[in-house]
Number of protein chains: 2
Amino acid sequence: MRISAKAEYACLAVIALAQRRLENRPVPIREIAEAQGIPETFLTQILLKLKGAGLVVSTRGSAGGYRLAQSPEEISLRDVLAVVDGCDLNARDTQGPAGPAAPLLAQVWDQIRASETRVLTKTSIAQLADRSNAHDWVI
Amino acid sequence: MRISAKAEYACLAVIALAQRRLENRPVPIREIAEAQGIPETFLTQILLKLKGAGLVVSTRGSAGGYRLAQSPEEISLRDVLAVVDGCDLNARDTQGPAGPAAPLLAQVWDQIRASETRVLTKTSIAQLADRSNAHDWVI
DNA sequence: ATTCTTCTTGACAAACTCGATAGGAAAGGT
DNA sequence: ACCTTTCCTATCGAGTTTGTCAAGAAGAAT
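As the structure is a prediction and not an experimental result, all values here were calculated from the model.

Chemist: Quick rundown of the protein's contact with DNA strand D? Include the residues and the values.
Modeler: Inspection of the region around DNA strand D gives 24 residues, with Lys51, Ser58 and Tyr66 of chain A together with Gln45 and Arg60 of chain B positioned closest. Within 4 Å of the protein, the atoms of DNA strand D are drawn from sugar and phosphate moieties in a proportion of 76%. Between DNA strand D and the protein, one listed contact pairs a phosphate oxygen with a side-chain N or O atom of Lys51 of chain A at 2.5 Å. Taking Ser62 of chain A, its main chain carries an N or O atom lying 3.5 Å from a sugar or linking oxygen of DNA strand D.

Chemist: Requested: an account of the nonpolar core, with residues and values cited.
Modeler: Leu43, Leu50, Leu77 and Val80 of chain A together with Trp109 of chain B are the most contacted members of the largest nonpolar core, which totals 43 residues. Ranked by size, the runner-up nonpolar core spans 42 residues in total, among them Trp109 of chain A together with Ala16, Leu50 and Leu128 of chain B.

Chemist: Report on the relation of the copies chain A and chain B, specifying residues and quantitative values.
Modeler: A rotation about some axis, followed by a shift along it, carries one copy of the chain onto the other. Expressed as a screw transformation, the operator carrying chain A onto chain B has a rotation angle of 179° and an axial translation of 0.1 Å, and the superposed copies differ by an RMSD of 0.2 Å. Both copies of the chain, as the preceding transformation shows, are related through a two-fold rotation axis.

Chemist: Describe in detail the protein's contact with DNA strand C, supporting the description with residues and values.
Modeler: As a structural note, the neighbourhood of DNA strand C is formed by 24 residues, with Thr41, Gln45 and Arg60 of chain A together with Lys51 and Tyr66 of chain B the closest of them. For DNA strand C, the backbone portion of the atoms within 4 Å of the protein, that is sugar and phosphate, comes to 77%. A distance of 3.3 Å is found between a phosphate oxygen of DNA strand C and a side-chain nitrogen or oxygen belonging to Tyr9 of chain A. Gly61 of chain B has a polar backbone atom sitting 3.2 Å from a sugar or linking oxygen of DNA strand C. Of all elements in the fold, only helix H1 (5-19) and helix H3 (40-52) of chain A together with helix H3 (40-52), strand S1 (56-59) and strand S2 (65-68) of chain B reach the threshold of two or more residues within the surface near DNA strand C. Looking at the surface near DNA strand C residue by residue, the classes come out as eight nonpolar, twelve polar and four charged.

Chemist: Describe in detail the packing of helix H1 (residues 5-19) of chain B against H3 of chain B, supporting the description with residues and values.
Modeler: For any two helices packed against each other, one specifies the inter-axial angle together with the distance between the axes. Residues and elements named next belong to chain B. Running from N to C, H1 and H3 cross one another at 75°; their axes reach a closest spacing of 10 Å. With respect to their mutual orientation, H1 and H3 come out roughly perpendicular. The residues of H3 that touch H1, namely those facing Lys6, Tyr9, Ala10, Ala13 and Val14, are Phe42, Leu43, Ile46, Leu47 and Leu50. Tallied by class, residues from the contact of H1 with H3 come to nine nonpolar, no polar and one charged.

Chemist: Break down the packing of aromatic side chains for me, with residues and values.
Modeler: For any two aromatic rings, the description comes down to two numbers: the centre-to-centre distance and the angle of the planes. Residue and element names in this part refer to chain A. Applying the stated criterion to the full structure yields two aromatic pairs over all chains. On the basis of an interplanar angle of 85° and a centroid distance of 5.9 Å, the ring pair of Tyr9 and Phe42 is categorised as edge-to-face. With Tyr9 in helix H1 and Phe42 in helix H3, this pair connects stretches of sequence that are 33 residues apart. The class for Tyr9 is buried, based on a relative accessible area of 14%.

Chemist: How would you summarise helix H2 (residues 29-36) of chain B if you had to cite specific residues and measurements?
Modeler: Residue and element names in this part refer to chain B. Within H2, burial applies to Ile29, Ile32, Ala33 and Gln36. Along the axis of H2, the buried residues cluster in a sector spanning 95°; they form a single face. Backbone geometry just downstream of H2 places Gly37 in the positive-phi region, at approximately 70°.

Parameters and conventions
- Residues numbered from 1 in each chain as written.
- Chains lettered and ligands numbered in written order.
- Predicted model: local features only at pLDDT ≥ 70, side-chain atom pairs only at ≥ 80, totals over all residues.
- Heavy atoms only, no water.
- Near = heavy atom within 4 Å.
- Polar contact = N/O pair within 3.5 Å; in protein donor to acceptor, adjacent residues only side chain to side chain.
- Core = buried A, V, L, I, M, F, W, Y, C linked by side-chain atoms within 4.5 Å.
- Buried < 20%, exposed > 50% of the residue type's maximum accessible area, 1.4 Å probe, protein only.
- Least-squares fit on C-alpha atoms with pLDDT ≥ 70 in both.
- Helix = DSSP H or I, 4+ residues; strand = E, 2+ residues; numbered from the N terminus.
- Nonpolar A, V, L, I, M, F, W, Y, C, P; charged D, E, K, R; others polar.
- Axes fitted to C-alpha atoms, helices over the stretch in contact; angles between N-to-C directions.
- Parallel < 35°, antiparallel > 145°, perpendicular 65-115°, else oblique.
- Contact = heavy atoms within 4.5 Å.
- Phe/Tyr/Trp six-rings, centres within 6.5 Å; stacked < 30°, edge-to-face > 60°.
- Arc of directions from axis to C-beta.

The quantities given are spatial measurements derived from coordinates; they are silent on function.
Structure below.
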């Protein structure tokens, strides 16, 4: 029903990493934060989770930063959101009000989540990164 | 992305009212709360908002309670959710991070919201109430 | 009139989200 | 060796969500 700020930031960060992949060097947090307009301290925590999930890898030190662990074509929006939203994307809460009408509603929520998942799964990070580059090109 | 407890409670309450419409009498909050497993004091606030939006009407006094203001066929799930979620169902936040890739994501979020709205608009309270009655009938 | 039921209203508390702050650890440059 | 850069971790605070609690107002039944 509602897209959290954390989720959006995570997606933007991964897209930014995909766009700078050709430079073949780690991208510092600050650079991503400034480019995408994300609070730097919050992005720190998000990238840490993405690293824990194996989506990105980090390098420490003077020329350190983050880079993608996989190719952008293999990463879907759903993969990113599954990390930050705690994997409860399509695992519905089995602890509903348990009233007689609750299962009916749950059925509708499932239907909504299914169409949501369909869109997220078919949208890869590579698609978004390319589209964004194309947009910059026009300007 | 996520369905709030308040939203689910509101839908359950309206469905419950639809099911007891033939009895032609106001249904007290307590009765709805117990039947659907909703915290009674919280349901109080939700019904107040639904009344403010003109979806239900209330009668005070000894034989008082709530009843639907319209026929269940005219009420869609979206109508109910629009009330409790503060009308920001399809009005996307124009205050995004404003980074270069943000519009691309906003486009995807819009796509998701659109398919969401499609499901919610086509699902009427009457459909859910009937389905629930049929289910009880089988048992 | 009194009492009982029910809605109405406002204040309050626990949990989560969004972000800031501060200090530490690892690695590279000099 | 030293110092800078960067990641890493923990904690704290404002705001929202999710409820709870208690006192009040309005109407029906007796």
